[in-house]
Amino acid sequence: MKNHLFTILTLMLLLNVNVVIAQEDDSSRFNLMKAPIDKAARNAVWRTDFYICTGIAYAKSAGRTTDDFMKFVADTHVNTLNSIKGKGLEPIINLANFLITSYPDGTFEIISESPSTVKYKTNRPYISYFTKGYMVGVTIDEFEKCLWGHFKLMLKSLGIDFDYHIEGDFVEAEVTLME
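On a predicted model such as this, the values are computed, not experimentally measured, just so you know.

Asks: Run through the state of the cysteines, naming residues and quoting values.
Replies: Under the defined criterion, the tally for this structure stands at zero disulfides. Left unpaired, Cys 53 is separated from the closest cysteine sulfur, that of Cys 146, by 8.6 Å.

If you want it as structure tokens, here you go:
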């Protein structure tokens, strides 16, 4: 009886091992590949902008404005900047540079700097999403108002003034430490 039980348990173990191996083999038929880092980064940037537009579209569908959504985003995300509070302009400029140059064609250039103010110029690399004039019912003007506006609100909570001006294919911005 013991021998018979041992044989049954051994057969069950072998059967379970075969099932596990067979399941692993089944998934390999899909030939899953990991996305290259540059494609993953481009997708992440696009997805973020798409979600900004989706949020604006939702706010509008609920009778709210782009300003309402911009304020909601700023209020929700402001705590993400706590680690750079009181550290001057360098982390802010590095963040702005990172965000713009995360786009495949993003450019960022410091125009002038002093201990309390930095002026910079970027292109508008997200503009290609709006070739039809809108993305999910949101215009480039609404998108930029939210994008740059929530940055302005978040920086204000850190004691930093942010001003920007859009002209043609470029955005000129200035960050200043408030006294």
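Right, picking up where we left off after that structure.
Asks: Give a description of the pattern of salt bridges that names residues and reports values.
Replies: Scanning the model with the defined rule gives seven salt bridges in all. In this structure, the salt-bridge partner of Arg 42 is Asp 38, at a minimum N-O distance of 3.6 Å. Residue Arg 42 and its partner Asp 38 are located together in helix α2 (residues 37-61), separated by four residues, close to a single helical turn. Residue class for Asp 38 comes out partly exposed when judged on its relative accessible area of 42%. Ionic pairing is found between Glu 144 and Arg 124, a salt bridge with its closest N-O pair at 2.7 Å. Taken together, the residues Glu 144 in helix α5 (residues 140-156) and Arg 124 in the loop between β2 (117-123) and β3 (134-135) connect sequence positions 20 residues apart. You'll find Glu 144 and Arg 124 in the same group, each marked buried.

Asks: So what about the nonpolar core? Which residues, and what values?
Replies: Counting residues in hydrophobic clusters, the biggest one holds 40 residues, and the most contacted among them are Tyr 120, Tyr 126, Phe 143, Leu 155 and Val 175. For this core, the leading source of residues is α5, giving eight residues. Leaving out residues up to four positions away in the same chain, Phe 143 has contacts with Asp 49, Ile 52, Cys 53, Ile 56, Tyr 126, Phe 130 and Val 138.

Asks: Now, about the environment of Glu 174: what can you tell me, with residues and values included?
Replies: Structurally, Glu 174 is set in strand β6 (residues 170-177). Exposure remark for Glu 174: the relative accessible area of 27% places this residue in the partly exposed category. Sequence spacing of Glu 174 and Thr 117 is 57 residues, and the spatial spacing of their C-alpha atoms is 6.9 Å. Look past the residues within four positions of Glu 174 in its chain and what remains in contact with it is Thr 117, Val 118, Lys 119, Asp 161, Phe 162 and Asp 163.

Asks: Break down the packing of aromatic side chains for me, with residues and values.
Replies: This model, assessed by the stated rule, comprises 11 aromatic pairs. Between Phe 130 and Phe 143, the aromatic rings sit 5.4 Å apart at their centres with planes inclined by 45°, giving tilted as the arrangement. With Phe 130 in the loop between β2 and β3 and Phe 143 in helix α5, the pair connects residues that are 13 residues apart, well separated along the chain. The class for Phe 130 is buried, based on a relative accessible area of 7%. Here a set of aromatic residues connected by ring pairs shows up, and it is made of Tyr 103, Tyr 126, Phe 130 and Phe 143.

Asks: So what's going on with the sheet that holds strand β5 (residues 160-167)? Residues and values would help.
Replies: Reading across from one edge, β1-β2-β6-β5 is the order of the four strands in this open sheet, with antiparallel pairing throughout. Edge positions in the sheet fall to β1 (108-113) and β5, since each of these pairs with one other strand and no more. The mean angle between the axes of side-by-side strands here comes to 20°, regardless of whether they run parallel or antiparallel. Alignment of β1 against β2, held across five bridges, turns out to be antiparallel. In the strand pairing of β2, Ser 112 is matched with Lys 119. Sheet strands in contact with α5 are β2, β5 and β6, and its direction is about 160° off that of β5.

So, how was this worked out
- Residues numbered from 1 in each chain as written.
- Predicted model: local features only at pLDDT ≥ 70, side-chain atom pairs only at ≥ 80, totals over all residues.
- Heavy atoms only, no water.
- Disulfide = S-S within 2.5 Å.
- Salt bridge = Lys/Arg side-chain N within 4 Å of Asp/Glu carboxyl O.
- Helix = DSSP H or I, 4+ residues; strand = E, 2+ residues; numbered from the N terminus.
- Buried < 20%, exposed > 50% of the residue type's maximum accessible area, 1.4 Å probe, protein only.
- Core = buried A, V, L, I, M, F, W, Y, C linked by side-chain atoms within 4.5 Å.
- Contact = heavy atoms within 4.5 Å.
- Phe/Tyr/Trp six-rings, centres within 6.5 Å; stacked < 30°, edge-to-face > 60°.
- Pairing = 2+ DSSP bridges.
- Axes fitted to C-alpha atoms, helices over the stretch in contact; angles between N-to-C directions.

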